[in-house]
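Here are the chains, one letter per residue:
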Amino acid sequence: MRLYVILKALAPKLVLIGILLWCYANRLLLRRYGLIPEHSVEPHNVVTASEESIWHDLIQDTLPPGALKPLCALVSAELLGEVVIKSLSLTSIGASLAAVRPGGLWSPTSCTSRFHVAIIIPYRDREKSLQTLMHHLHPILQRQQIDYGIYVIEQTFSKPFNRAKLFNIGYSEALKHNNYSCLIFHDVDLLPLNDRNMYACSQQPRHMSSSINIFRYNLPYAELFGGVSAISAAQFRKLNGFSNRYFGWGGEDDDMYER
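Residues numbered from 1 in each chain as written. Predicted model: local features only at pLDDT ≥ 70, side-chain atom pairs only at ≥ 80, totals over all residues. Heavy atoms only, no water.

Draft legend 1. Structural context of the nonpolar core. Ranked by internal contacts, the top residues of the largest apolar core, which has 32 residues, are I119 and I184. Of all the secondary-structure elements, those providing two or more residues to this core are β2 (116-123), α4 (127-143), β3 (147-154), β4 (182-186) and β6 (228-232). Considering every element that reaches this core, the biggest residue donor is α4, with five residues. Not counting the four nearest positions on each side in its chain, I119 is found in contact with L137, L141, Y148, G149, I150, Y151, I184, H186 and Y199. Listed in part, the 19 residues of the second largest apolar core include A233, F236, L239 and M256. (Core = buried A, V, L, I, M, F, W, Y, C linked by side-chain atoms within 4.5 Å. Buried < 20%, exposed > 50% of the residue type's maximum accessible area, 1.4 Å probe, protein only. Helix = DSSP H or I, 4+ residues; strand = E, 2+ residues; numbered from the N terminus. Contact = heavy atoms within 4.5 Å.)

Draft legend 2. Summary view of the state of the cysteines. Taken as a whole and judged by the stated rule, the model has two disulfides. Covalent S-S linkage joins C72 and C111, the inter-sulfur distance amounting to 1.9 Å. Residues C72 and C111 are joined through a disulfide that is right-handed, its torsion about the S-S bond being 90°. Of this pair, C72 sits in the loop between α2 (51-57) and α3 (90-96) while C111 sits in the loop between β1 (105-106) and β2, placing them 39 residues apart in sequence. C111 carries the same exposure label as C72, and that label is buried. (Disulfide = S-S within 2.5 Å.)

Draft legend 3. Structural view of the pattern of salt bridges. Enumeration over the complete set of coordinates arrives at four salt bridges. Linking E173 and K176 is a salt bridge whose minimum nitrogen-to-oxygen distance equals 3.0 Å. Placement of the pair is E173 and K176 together in helix α5 (residues 163-177), with a separation of three residues, close to one helical turn. (Salt bridge = Lys/Arg side-chain N within 4 Å of Asp/Glu carboxyl O.)

Draft legend 4. Layout of the packing of aromatic side chains. Under the criterion given, the structure shown has eight aromatic pairs. One aromatic cluster is present, formed by F167, Y171, F185, F236 and F242 through successive ring pairs. (Phe/Tyr/Trp six-rings, centres within 6.5 Å; stacked < 30°, edge-to-face > 60°.)

Draft legend 5. View of the sheet that holds β6. Strand order in the open sheet formed by six strands is β1-β3-β2-β4-β6-β5, with mixed pairing between adjacent strands. Sheet topology places β1 and β5 (206-207) at the edges, where each strand pairs with a single neighbour. Sheet topology places β5 next to β6; two bridges connect them, and they run antiparallel. Residue pairing in the sheet places R206 in a bridge with A230 of β6. In the packing of α5 onto the sheet, the strands contacted are β2, β3 and β4, and the crossing angle to β2 comes to about 145°. (Pairing = 2+ DSSP bridges. Axes fitted to C-alpha atoms, helices over the stretch in contact; angles between N-to-C directions.)

Written as structure tokens, this is what we have:
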């Protein structure tokens, strides 16, 4: 009977201790999976820009000497705004993207693009996600009138996934094929919901996936730089690329932000 009385008296304190322990463990898990950064939660050097300012801040290539076609418009008349997400088979995707050249290359036929972009996608065992992304992304890039190449960099199954190293490999391979001025580092499971989100580089590195549905269209923390990021080739060389040391999930995007 006395033990019951003691436990009854201690019950509120035990519940409080349990809640505190749960909160602490939950915070550790969030930090482990990249939702709370190890560095300061106070943002620094973070710039929020309007759509109009982004258009005029984009790094544009000039018309090359002897070009037979004029520069494409800065804001393409083919843009639709919000887009519908669909998932199709590879056969259907291939049939709908007949204009894409071997190697995932495309350029406008009626004008000279202002933007030459390599989209680099790290990949392993995500075939359905890759199918959906290819079907979804190619038409958006074409409506934006971008001269682009898509590079899917696949890792073998023998070691933990290294997203950052795959990005670095993608950069090296892409620059062997074309003198791209802009690099888009793109997770395979993220889809743009509006084709006015330009796949081009700004004067400063730009985080392109700042509003995604699983985070209720809010950034978990201000310094988040993962998902989809745009960095000019010159900036990427100056940063010395991503760190190759991050095996497993998370960390490399926070490292890149600090760079």
